[in-house]
Amino acid sequence: MIREFAAIDVYYLLLAARWTLALTALAFVGGGLFGIVVALMRVSPFMPLRALGAAYVNVVQGIPLLGWLFVFFFGLPILASVQVSSWVAATVAFSFYAGAFLGEIWRGCLQAIPRQQWEAGAALGLGFGEQLRHVIVPQAVRVAIPPTVGFLVQLIKNTSLGAVIGFVELTREGQLTNAATYRPFTVYIAVAAIYFAMCFPLTQLSRRLERRLRVAR
Amino acid sequence: MSLVELKGVVKRFGTNTVLDDVSMNVERGEIIAVIGRSGSGKSTMLRCINGLEPVQGGTVVVDGETVSAPGADLRALRQRVGIVFQSYNLFPHLSVEKNITLAPRVVKGIDPGTARELALGVLRRVGLAEKIDAYPDQLSGGQQQRVAIARSLAMQPKLMLFDEITSALDPELTGEVLKVLEQVAAEGMTMILVTHEMGFARRVATRVVFMHQGRIWEEGGAREVLEKPRTPELATFLDAVLH
């Protein structure tokens, strides 16, 4: 039975957008934790750590995100005999994925700080961790904000892939609404508008933060 | 025992030998000016003294600590040896006060209440007490370099290394930095300076070391080295820098 696309559908789409945001938030937190570890491994003075960090990044970036979703959703039950919900699989897969990209972004930001800054810290007797914490990271954070928020926007949009393992978020809800109303153009315009409403403010925020940090050094 | 003892130091970057069997002793209170062309190994020698560059041969001993040994306690060493760089290398995100007190707080654990006093004290010595709350990019090159000297002084080092610290400065700013150096020297600090300021070397240095092709080519009292070069290499070099 085909019904009209109505206000209630917009309401359902907005409800589904909550899950898009929730998955994004979880993936960003999880990915952030992985990312910090990866970035630090990649700039560490110990070769094996650097190699391990690089291997993680290469493996994650060399396989499509869709592939990782399948690995965690269908693979874990087979390989480890653990049943996972689409929530768990999506959260883990997206964190894994975000960790590699954030790790690379943040490594770049750490490395953008001139070598002489490390050296000045070392010359004053600061150890590696102290140089990082007091000298390098505070300067790198400013550089990191625009690409990090840029990636966050990517992440919001990429969560739509969660639909393939049955995770109902904005895009999946759009598909369901379309199946019921058969108004694809209207439905997907509404979906697009909601994505835009989530992403655009973030981009603006990034610009503002960037400007404010520049003034405050 | 000398404060600094270099014995047969060899430093290579890949196949390029930058220091070739360098030996030198520095006594407490000495002020050594190291001169020579760029690429002669002057800066590298300085960087080997505080362990910023590992050496491939010979030994570096500073204040009884063998810097060149594998497990050397560089953290302890660097509290006793300050270095000031050509490009200042102040921390741009920190105020002058924080630049100066970061290491004393983090490394020496001085109490935050006395940190500002410490910063003021060393800033007075370089004539910049009024800039304590400024940020590096609000200062001229000469002022930044004086803050860098103050930052180093705040660690109360026994030895200070200066790596061409006026080379990036305009001539009128060079003077203010040299004046500060002269005053630090007058306070009895042991100093090793890599410099192109021959007038300053002659006036302040107790000894001048001329480096050429990674070796100590000539050394001696400032007047004697600068006025009566014994080797054609030093004569050519002096001719080039003095005229």
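In this report, the structure presented in the accompanying data block is examined. (Residues numbered from 1 in each chain as written. Chains lettered and ligands numbered in written order. Predicted model: local features only at pLDDT ≥ 70, side-chain atom pairs only at ≥ 80, totals over all residues.)

A closer look at the overall build of chain A
The number of helices and strands found in chain A is 8 helices and 0 strands. Along the chain direction, N to C, the helices and strands of chain A fall in the order α-α-α-α-α-α-α-α. With the principal axes as the frame, chain A shows a C-alpha extent of 75 × 50 × 20 Å. Each of the 217 residues in chain A was classed as buried or not, and the buried ones make up 35%. Partitioning the contacts of chain A with sequence separation of at least 6, the portion at a separation of at least 24 is 75%. (Helix = DSSP H or I, 4+ residues; strand = E, 2+ residues; numbered from the N terminus. Buried ≥ 20, exposed ≤ 12 C-beta atoms within 10 Å, placed from the backbone. Contact = placed C-beta atoms within 7 Å.)

A look at the pairing of strand 7 (residues 159-163) of chain B
Residue and element names in this part refer to chain B. Within strand 7, 5 of the 5 residues are buried, which leaves it mostly tucked inside the rest of the structure. Of the two faces of strand 7, the one lined by Leu-159, Leu-161 and Asp-163 and the one lined by Met-160 and Phe-162 are each fully buried. Note that strand 7 and strand 8 (residues 190-194) share 5 bridges and pair parallel. Counted as the bridge partner of Asp-163 is Val-194 from strand 8. Handedness of the crossover joining strand 7 and strand 8 through helix 6 (residues 171-186): right-handed. (Pairing = 2+ DSSP bridges. Right-handed = clockwise from strand over helix to strand, strands pointing away.)

Points about the nonpolar core
Ranked by size, the top nonpolar core spans 122 residues in total, and within it Ala-93 of chain A together with Val-34, Ile-49, Val-62, Ala-150 and Val-208 of chain B carry the most contacts. Discounting chain neighbours no more than four positions away, the residues touching Val-62 of chain B are Leu-3, Val-4, Ile-49, Val-67, Leu-77, Val-81 and Leu-159 of chain B. Residues Leu-13, Leu-170, Val-187 and Ile-194 of chain A belong to the second largest nonpolar core, which totals 7 residues. (Core = buried A, V, L, I, M, F, W, Y, C linked by C-beta atoms within 7 Å.)

As for the sheet that holds strand 7 of chain B
One key point about sheets: their strands pair by backbone hydrogen bonds, in either a parallel or an antiparallel sense. Residues and elements named next belong to chain B. With respect to topology, 6 strands assemble into an open sheet ordered 6-7-8-3-9-10, the strand pairing being mixed. In this open sheet, the two strands that pair with only one neighbour each are strand 6 (81-84) and strand 10 (215-220). Across this sheet, the average inter-strand angle for adjacent strands is 20°, counted without regard to direction. Two strands pair when backbone bridges link them, and strand 3 (residues 31-35) and strand 9 (residues 207-212) are joined in this way by 4 bridges, in the parallel orientation. Bridging from a neighbouring strand, Ala-33 pairs with Val-208 of strand 9. (Axes fitted to C-alpha atoms, helices over the stretch in contact; angles between N-to-C directions.)

Some words on helix 5 (residues 115-123) of chain A
One turn of the α-helix equals 3.6 residues, which is why residues spaced by three or four share an orientation. Every buried residue belonging to helix 5 of chain A is among Ala-120, Gly-121, Ala-122 and Ala-123 of chain A, and all of these are buried. Looking at the buried positions of helix 5 of chain A, the neighbouring elements they touch are helix 6 (128-158) of chain A together with helix 2 (74-80) and strand 6 of chain B.

Description of the interface of chain B and chain A
Tallying the contact residues gives 18 residues for chain B and 16 residues for chain A. Looking at the side of chain B that touches chain A residue by residue, the class counts come to 11 nonpolar, 5 polar and 2 charged. (Nonpolar A, V, L, I, M, F, W, Y, C, P; charged D, E, K, R; others polar.)

So, helix 3 (residues 96-106) of chain B
Every buried residue belonging to helix 3 of chain B is among Val-96, Asn-99, Ile-100, Thr-101, Leu-102, Ala-103 and Pro-104 of chain B, and all of these are buried. Where helix 3 of chain B is buried, its residues contact helix 6 of chain A together with helix 4 (112-125) and helix 5 (141-153) of chain B.

None of this, on its own, says anything about what the molecule does.
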